[in-house]
Amino acid sequence: MAMTPSEQTVLDRRAQGLARPRRRTKSRHNWRRVLVFTLLGKPYGVDLDRLEAIIRIGDIYPVPMTPPHLQGIIRRQGQSITLVSLRHFFDRGAEGVYDADYALIVGAGSKRFAIQAEDVDGVLRLDPEAVRPPPDNMDPSQRPYVSGVTADGVVILSMESLVAADHFAAGQPGRQRADPRTQERP
Amino acid sequence: MSFNDDLDPDQLVELEQIFRAEGLEHVKRLAEILFEIEEKGADEELLIEAFRQAHNLKGSAALLGFERVARLTHRIEDVIGVIKRGDQTLTPATMDLLLGGLDVIREGVNLSKPGDDTLTIEEQATLTTLEQWLAACDTSPTPRPPTEPRSQVDKVVVQAPETSPPRTMPEPSRSAPEGQDAFIRVAVDALNSLTAQVDDLFEAQVQAETMGQELSRLRHGLDQLLTGVQTLRSESTSSVADDTEDLANLMNVRLEAATEHFHRDMQGLSRRIRKAQEEVGRMGLATLDSLHVKLRRQVREVSRTTNKPVELRFQGGEYAVDRRVLDALTEPLVHLIRNAVDHGIESEDQRQAAGKPPTGLVEVRARHLGDSVELSIRDDGRGIDLVAVRQTLVEAGRPPKEVDELTDDQLTDRLFDSGFSTQRQVSEVSGRGVGLDVVKHTMDRVGGEVRLETSAGQGTTISLRLPLSMSTVRCLLVSLGNRPLAIPAANVQKVLILQPADLLDLGHGEVVEFGGGHVPVTPLQDLIGMASPTWAPQSTRTAVVLQFGDRRWALTVDDVLEYTQIIVKPLGDLLERVPAVSGIALLGDGDLALVLNPGDLVRAAGSRAQAVGAGSTTPDTSSGLAERVILVVDDSIATRSLERSLLESAGYKVLTATDGFDALDVLGRSRCDLVITDAQMPHMNGFELTRTLKSHATLAHLPVIMITSLGSPEDIEQGMASGADAYVVKKNLTQHELVSTINQLL
């Protein structure tokens, strides 16, 4: 049975009374996804789109005449991947041993390598606006390689900045390398 | 409308790939023909072929919608058409125009997309220049022919290549059926992938062979068991021995059959893998001829830029090497050619004053040398000024006295250092000092060698020794610091066992008499920074005599293991330039061996000897160490590996275990001199392990060092209370401290 005009009017008024403004939710489409890992007991992050795999380290094959942060080679699926200790890269004189059994295999441009980690803590989804630039009092040895810091203190590293660093790779032109010709015996 | 609209996406992608491959061949062939015309004059057949190449390229591009390529090629075709008709000649300026146009077309073939008709700035400029040339000839461009009929598409797919196959490729065993082509095109990526898979098969075969050896050992063990059981039976009336013997006999028979079967299968598999490797290897070969056009172009350009007439002679282009070697070689060769013309060849006036022909000569020659090809680049120029080289080294900070004492060979070695250049000005052509460094790096990467010889006023020859294959290499495996290392067998002249009386000291280090001369002797560990036990002066030493070019050097090692075939793989990103190491290889037992670079080793040994003679380094004279075995117990793989590395580089032999139970198992089977254990481990922790060891009848004497992240006074007290002889906190650990603690306890 069709409604009368007065009934329709009542319904319309009721609908207007119940209506609320549409809540605009922020799109998460451009949010940043970061894998958080532990290094020296502190949380660090790497963008997920740079991450290829996380593996437990098997054997490490040291390569002589390389800087201390290049720990050696690990094998995965028949390929050799260079294992990098960021602890030694940030502090060339770092001493001591830490249980760092995870390797995060990452890519930056044409380079592929693995970062040693003590633990892997999960993936964070971050609003890009919530990621802040590194503070002025950040450790200067790390600052050039930090793309941002979260409110919780996760230091997000830039793989491209690491690869571009003068002394990251072994023996490139103009970069420091151990000279075998004058190497003193240990 | 493009016929592309009727194809599905996969077909389109495939056709595009084919076009790009074909298009590059057309461009390359067209450049070759133009060079021939420039050299020999306008030959009608050559002009017809050049026109045809341009026409075919234009047609294919238009058909598939590569509009940019089609437009430019159309104008190239027009220019060639004008020359073919005799309306114009191929002047140097016109040659430049055409070659420049081909460069731009090559970019378009590689990068442009079907349907994209927006010219880049460079393409537009090139097109304009070509049209201006045509307008200046007062010749109307030929009308654009209609699109090729659709039935021509299949011919694009199966068209035979223009060039003859490389000499080393085998003839097909059966002739192709009538109507079918004898050759097909294979994408380089696909070939590389196939090569990698065959290489992996080879590695799997080597590992399987190791398994076969293990089977043989098991059989041997079972034989021994059987002998023991038979002895037991003869001494006892128990039926247990009979039953055991029957069972052992049965197992032995079955194991014997399985082992024989396995070895037979392995032989068959090895044969098939070897054949596959050879065939895939042959597919991956490319002739050196393919470098000719590029090098010719370089000589032409540099000759004009420097205003020096230069002739390029190219011999041995029919030799074929691994395509990957050739690809890697192109850039270094370009550097060498540019250097030869810019630095080596004198100006016309200077040459005439020196009594030389006015036209300089650059000769590129290839020849076979066993399992490699030697490519030499010789110029008849002024040679390298070694006085200037010495001066540059002094200016760079090397002590003058040390520089004065360098031999000519050692001086020319310095030319391969990064950034080294005696040129005061960086020219448009060269002088940045990057050429020879790039050459050396590339040769290291492909497993080749580079040598330089020069004679003042006569010229310079740079010789590149290229492996025919980047796949398997025969190597001598040696051990140093408990790690295997591989030395290319082609550079190993001899293995010597040196007695102390064999060694002489001539002031710059030890030498041994060998092969009619004195060969210097240096410990390999001194060159590559891998420590290993040193020998007492009265000990016998094993030395490998390396030959690199005409230089020889004996390097002492811990042990020589065996000759074997290996596949050399790159070290990995970030490790492209490690001195003295050119790659890594997987051995049959799963271990990795670093592959050493003989050239770097010989050069480093020479420099070190120089430094020793100058007194800047002190030869080691410490007394020898007996082999000490240390057991590292830790559940962390990374920590175990790190501690193992620290200890092995200090000269210890290292065994590992993952927890206390595993450690006891290892100690039950192997002799150890000291135990290093973590505190916190699953199943049996370090405290429990230490207590167990200290209360064990035969293991109580073992010193125990506890290395742990637990650093509180209570933890330390607990550690010492368990019986540990030393307690070290991980975060403070250094090699020096660890070795020092070990030395105190042993």
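Here is what the cut-offs are and how they apply
Residues numbered from 1 in each chain as written. Chains lettered and ligands numbered in written order. Predicted model: local features only at pLDDT ≥ 70, side-chain atom pairs only at ≥ 80, totals over all residues. Heavy atoms only, no water. Helix = DSSP H or I, 4+ residues; strand = E, 2+ residues; numbered from the N terminus. Buried < 20%, exposed > 50% of the residue type's maximum accessible area, 1.4 Å probe, protein only. Contact = heavy atoms within 4.5 Å. Areas by Shrake-Rupley, 256 points an atom, 1.4 Å probe, with all protein chains shown as cover. Salt bridge = Lys/Arg side-chain N within 4 Å of Asp/Glu carboxyl O. Axes fitted to C-alpha atoms, helices over the stretch in contact; angles between N-to-C directions. Parallel < 35°, antiparallel > 145°, perpendicular 65-115°, else oblique. Left-handed = near helix turned anticlockwise from the far one by under 90°. Nonpolar A, V, L, I, M, F, W, Y, C, P; charged D, E, K, R; others polar. Pairing = 2+ DSSP bridges. Buried area = accessible area lost by both parts, 1.4 Å probe. Polar contact = N/O pair within 3.5 Å; in protein donor to acceptor, adjacent residues only side chain to side chain.

### Points about the overall build of chain A
What chain A contains, in helices and strands, is three helices and ten strands. Counted from the first residue to the last, chain A has its helices and strands arranged as α-β-β-β-β-β-α-β-β-β-β-β-α. Put simply, chain A has 186 residues, and 44% of those count as buried. For chain A, restricting intrachain contacts to residue pairs at least 6 apart in sequence, the fraction spanning at least 24 positions comes to 55%. For chain A, the exposed surface amounts to about 10500 Å²; the carbon and sulfur share of it is 48%.

### A look at the pattern of salt bridges
When the charged atoms of two side chains lie near each other, side chains of opposite charge can form a pair. All names here are of chain B. In this structure the tally under the stated criterion is 39 salt bridges over all chains. We note a salt bridge from E311 to R313, for which the minimum N-O separation is 3.2 Å. Assessed through its relative accessible area of 36%, R313 is described here as partly exposed. Through salt bridges with shared partners, a single ionic network connects K28, R29, E32 and E49.

### Points about the packing of helix α9 (residues 292-306) of chain B against helix α10 (residues 323-344) of chain B
Residues and elements named next belong to chain B. Relative to each other, α9 and α10 sit at 30 degrees, their axes nearing to 9 Å. Taken together, the axis directions place α9 and α10 in an arrangement best described as roughly parallel. In the packing of α9 onto α10, the handedness of the crossing is right-handed. Residues K294, L295, Q298, V299, E301, V302, S303 and T306 of α9 form the contact with α10, whose participating residues are T330, L333, V334, I337, R338, V341 and D342. In terms of residue class, the contact of α9 with α10 is made up of seven nonpolar, four polar and four charged.

### Some words on the sheet that holds strand β1 (residues 32-39) of chain A
Residues and elements named next belong to chain A. Judged by pairing direction, the sheet is mixed, and its five strands sit side by side in the order β8-β1-β2-β10-β9 without closing on themselves. Single-partner strands in this sheet number two, and they are β8 (119-126) and β9 (146-149). Between one strand axis and the next, the sheet turns through 30 degrees on average, direction left out of account. Strand direction decides the pairing type here: strand β2 (residues 42-47) and strand β10 (residues 155-157), joined by three bridges, are parallel. Bridge assignment links Y44 to a residue of β10, and that residue is V155.

### Digging into the interface of chain A and chain B
Counting residues at the interface gives 45 residues for chain A and 50 residues for chain B. Summed over both sides, the interface between chain A and chain B buries roughly 4100 Å², with carbon and sulfur atoms accounting for 57% of that surface. The tally of links from chain A across to chain B stands at zero salt bridges. Summed over the shared surface of chain A and chain B, the result is five residue pairs in polar contact (both at pLDDT 80 or more). Put simply, the parts of the chain that give the side of chain A that touches chain B at least two residues each are β4 (70-76), β5 (79-84) and β7 (111-117) of chain A. The class makeup of the residues in the side of chain A that touches chain B is 21 nonpolar, 13 polar and eleven charged.

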